[in-house]
Structures are given as structure tokens and as C-alpha cells.
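Below, each chain spelled out in residue letters.
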Amino acid sequence: MAPPKTFEIPYIPQNRQKLLHSSTARQILYGGAAGGGKSVAMRWDIVLFALQNPGFVGALFRRTLPELRNTHINIIKAAIPTNIAKWNEEQKIFYFANGSRITMGFCESEDDVFRYLSEEYHAIYLDEGSRFTPKQIGYLKTRNRLGSWKPAKDKDKLPRFVIGTNPGGPSHSLLKRTIIDIGPPESMFYDETMRNPNDLNDRGWSTIFIPATMADNKYLDSDYASSFGGLPPELAKAYREGNWDVVVGQALHTLSREKHGLRPFVPPAHWTRFMVIDWGTAAPFSIGWYVVSEGGTLKGKQGFADRYMPAGAIIRYAELYGWNGKENEGCRWSGQRTAQKILELERERHEVKIDYRVGDTEMWAMRGGPAVIDYFQNTGLTFRRSIKDRKRNYQEIMCRLAGNEKYYADGTVEQDPMFFCTLNCRHFWRTVPILTLDETDPEKGPNTKEEDHVYDEVAYACRSYPYVTTFEEREDEEYQDKVGSFKNTGDPYATV
């Protein structure tokens, strides 16, 4: 009996899956809760491109071959007749009768990605994409192009790069930073990290985030969510809700925007001000400016509620982060250039006086030439050395995040944090909440292999023992003449 010339794909897309199939974005992140129908949607999306566009070349990746075989290869082999698509086991490629082909790729080790660097794929799909490393994702993106081939039907949808995944994994931070935190869900925007620097008109890859929830998949068992009860609480929450702000093994598990985030404001001129550096060149440097509250309430503006700031609370209100835009890579500025930038930013903000500055001990290291600290001192910036004790520093930060307890007559307890960070400090909120504990010694706090430079800077700030200054103390100091009486400085909580 001759095999059939036509067949029916065993798949009826649901609403969120239809968004994937209809999207014209170059880059698509389809991610969130487990059981949201991501894998099945990607599988048939790439197959449809192969069937409808003769000569199409695509690739569908998982980290390991067994995962790839169980999730995709065996299902496609069973569904598609061999006269339409034949599987080549040695090459791990489906060859279609119309000249299309789909590579079933895997990158178990970091360097496995190099097996595909001579290829050109019109569409690439990463199933459980956050499990790939940022390096692997970056290399695979270079393989995504049309070249001289032109699609017969889907001219507006190709090329495309699709990542389907749950939260967590080596590329959690990368995907959150470049996609999830940039544009609202289901709205097109441009990923500037994928912009051609030689083309001033290029805005980057058109991108969309399609959130996935268990409710999107009507074929799930009703008790599917309960199956995650044996996992660590953070992981179960991430898988059930598709929450990208949840991190398994989170180092600063009590940190939250709601509790510790403040609207941007100009602190009162008489408050103690200080600046802290965690130094780096090949790795990013992190600089933060801080004030110490004398106690008071930051009035709500622009949708923000009133926030009480206890006396002695440290507030990080401005930052400078030295990176090249790539995760955990520095901008390689010299000490002299960095010092000049610090002074420039302080002039722009009309800083009255910085009471003291704390420098990473690495700035005093001499390696065949002047120490970095020498370049700073030549510009008039002087520093005290930071205290490097990871266990004590971690304890100090956690205590400040917890703050002071207040007990009420009805038996309730309220905590006022002793550390805050304004929401304009985007690198703090980008990197610090997702740091995970050191696996070998959790008491040390975050894993030093992660992007922990802002965290280290905050730790040095908390260990610097800042002091509270009052209006009366500052009124008699000579530098108040630079701005006149502190009584005439205007709104002490003005918006930046």
C-alpha cells in the first residue's frame, strides 16, 4: 500500500499558541509556567514552516539528546509519513520531500554549540531555552538568517528566533533583562542588544514576550499544579505561576521592590552622604551614592505611597555601573576616566558634599604600575578601604533588610527596613534580587560567579558604619554656604 500524500497534524492550537504562530516578531520568548503548551507549539510551528516553504532550513534545540528524542523526535516521526519527511538518525535531521530540512540539535556541554557554527537556519527554536547558557544563545543567534533563500509563504515571519522556557536556569537573568523587563507582555518592542552598530537606523530585533500559564492549556490534568509540591518553594512558585522574579536559592530572599524600593527623590541636603565603589575593569565596576535618613516620611508621588524611613536607614539613591551592556562584562574604563565621571555626575546633581567614600581594597593593588587608587587621589577623591568579610557582610545586609520590629497592642508586628534603594537604580534591581546562595557555603551569601558587583558595593556601604546628621548639626558647618541655609533648599523630597 502506498503511503498517503497528505496527513493531518495532531494539533489544535490554543489562544497563546496562536499568538506564537501569528507573530511577525524576529525574536519570541514564549515563557512562564510549566504546562503552558510551549513545547508542542514550537514543534508544530517549525514543522509548518518546513511544509509551507520549500527549501526551508530550521533547527529545534534541547540541551540533551534524550530530552530532544522524547519531547520532539519520536512525536514527529510518528505523526509525519515518511514520504513527506524522512528521519536521518546519524545526522539528526528531518529531510522533507519539498527540500526543507529540520535539524534536531542539542548542546549538552558549553562547546557543543560550535558544531552548528557553519550552519544557516531560517528559524531556530530553543526548547527550555533558559537552560542554555548566555554564550550558547549568543552563538546560535549568529546562525539565524535567510541568506539568499526566500520563503514561499511566510515572508513576514522569517527569520525568527524562538525561546520557549520556564523561569530559572543559566540564562534566566539574560532573558529577564533583555526581554521580560523591557516591554509589556504581548506587545512588540525592539531588543537593542541585537542592533547593528554600523547601521544608525537599525533598532534591533523586533521582539515579543508571550507569557504562558497553566490556565492556557485546557488539556492539563486538573491536579497538575499539585505535582510541584515536593519541589523547593521558590521553584514550585516559579513553575506554577511563571513568575520570573522568583529565584530558587535566592540569596536576599527578603528583598522586594514593595518593601525596599523608593521612588526617586532628592535627599535633604543635610543628611550624611557617602559613595562606595566595587572596582572592576574586565568585570563591571559598581558605584553607589548613599544617604542616611534622620527619620521621616517620603511623601507619595506619581503613584507611589507614603514610605517611612527610620533614622539610621541607608538609602541608595544613585548609581554608576561600568559594563559594556553584556552580562558580567566590564567597560574597561581607567581609574582616571572613572574618577572624572564621578565628579561630573556629582556636579550635575549639585551634591553639596560627600562626607566620605569607600573603595574596594582591589583599588590599592599594585601590579607593575601605579595602583588604581592613585588615579582617584590625583583628582582629589580620597577613600577609606572597604571591609571584605563575606559572611559578616551578608549578615549585615540581611539585618538591614529586616530592619526594626514594632509591636502593636493588637499583637501584630511590623518591620521597618533599615535599607532602601530608589527604583532609578536599575542595575541594583536588575542584578541583586536574582543572586543565588553559594552552594558550598551558603553563609557567605551570593555565589561569587554571578553578577554580584552591586551586591558587594552595597555590602561595603552597610559595613561602613554611616552616622546620622541632623539639620541643626549641619546648619553650623562651613560648607552650607555653598547653597545657602538648608532652610532654603526647596522641597527636600523632590522627584529626580
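Criteria and thresholds
- Residues numbered from 1 in each chain as written.
- Predicted model: local features only at pLDDT ≥ 70, side-chain atom pairs only at ≥ 80, totals over all residues.
- Heavy atoms only, no water.
- Core = buried A, V, L, I, M, F, W, Y, C linked by side-chain atoms within 4.5 Å.
- Buried < 20%, exposed > 50% of the residue type's maximum accessible area, 1.4 Å probe, protein only.
- Helix = DSSP H or I, 4+ residues; strand = E, 2+ residues; numbered from the N terminus.
- Contact = heavy atoms within 4.5 Å.
- Phe/Tyr/Trp six-rings, centres within 6.5 Å; stacked < 30°, edge-to-face > 60°.
- Pairing = 2+ DSSP bridges.
- Axes fitted to C-alpha atoms, helices over the stretch in contact; angles between N-to-C directions.

**Section: the nonpolar core**
Next, step 1: With 61 residues, the main nonpolar core has Phe56, Phe61, Ile80, Ile102, Met104 and Leu126 as its most contacted residues.
Next, step 2: Per-element tally for this core: the top contributor is helix 2 (residues 38–52), with seven residues.
Next, step 3: In this view, Ile102 contacts Ile46, Val47, Ala50, Phe56, Gly58, Lys92, Ile93, Phe94 and Phe96; residues no more than four positions away in its chain are not counted.

**Some points on the packing of aromatic side chains**
Next, step 1: Scanning all chains against the criterion turns up 15 aromatic pairs.
Next, step 2: Ring centres of Phe274 and Tyr356 lie 4.8 Å apart, and the angle between their planes is 10°; this geometry places the pair in the stacked category. Of the two residues, Phe274 sits in strand 11 (residues 272–278) while Tyr356 sits in strand 16 (residues 356–359), which places them 82 residues apart along the sequence.
Next, step 3: Residue classification places Phe274 among the buried residues on the basis of a relative accessible area of 0%.
Next, step 4: Of the residues examined, Tyr356 reaches a relative accessible area of 7% and is grouped as buried.
Next, step 5: A centroid spacing of 5.9 Å and a plane angle of 50° characterise the contact between Phe285 and Trp333, whose relative ring orientation is tilted. Here Phe285, found in strand 12 (residues 285–292), pairs with Trp333, found in the loop between strand 15 (314–322) and helix 8 (335–348); they are 48 residues apart in sequence, far enough to count as distant.

**Here we look at the pairing of strand 9 (residues 205–212)**
Next, step 1: Most of strand 9 is tucked away: eight of the eight residues are buried.
Next, step 2: Here strand 9 shows two buried faces, one formed by Trp205, Thr207, Phe209 and Pro211 and the other by Ser206, Ile208, Ile210 and Ala212.
Next, step 3: Sheet topology note: the strand 1 (residues 27–32)/strand 9 ladder contains six bridges and is parallel. What sits directly across from Gln27, in strand 9, is Thr207.
Next, step 4: The sheet contact formed by strand 8 (residues 189–191) and strand 9 spans three bridges and is antiparallel. Its bridge partner being in strand 9, Phe189 is matched across the sheet by Thr207.

**Considering the sheet that holds strand 17 (residues 384–385)**
Next, step 1: Here seven strands make up an open sheet; going across it, the order is 10-20-15-12-11-16-17 and the pairing mixed. Two strands lie at the open edges of the sheet, namely strand 10 (261–262) and strand 17, each paired on one side alone.
Next, step 2: Inspection of the sheet shows strand 11 paired to strand 12 by seven bridges, in the antiparallel sense. By the bridge assignment for strand 12, Val276 is matched with Gly288.
Next, step 3: The strands that helix 8 touches are strand 11, strand 12, strand 15 and strand 16; relative to strand 12, the one it contacts most, it runs at about 35°.
Next, step 4: With respect to the sheet, helix 12 (residues 453–462) is in contact with strand 11, strand 12, strand 15, strand 16 and strand 20 (419–422), its orientation differing from that of strand 11 by roughly 140°.

**Looking at unusual backbone geometry**
Next, step 1: Along the chain, Leu158 connects to Pro159 via a cis peptide bond; the corresponding omega equals 0°.
Next, step 2: By secondary structure assignment, the location of Pro159 is in the loop between helix 4 (134–141) and strand 7 (160–165).
Next, step 3: Phi is positive for Glu186, which is not a glycine, with a value near 65°.
Next, step 4: One can find Glu186 in the loop between helix 5 (172–180) and strand 8.
Next, step 5: A positive phi angle, near 55°, is found at Tyr465, a position not held by glycine.
Next, step 6: Mapped onto the secondary structure, Tyr465 falls in the loop between helix 12 and helix 13 (471–475).

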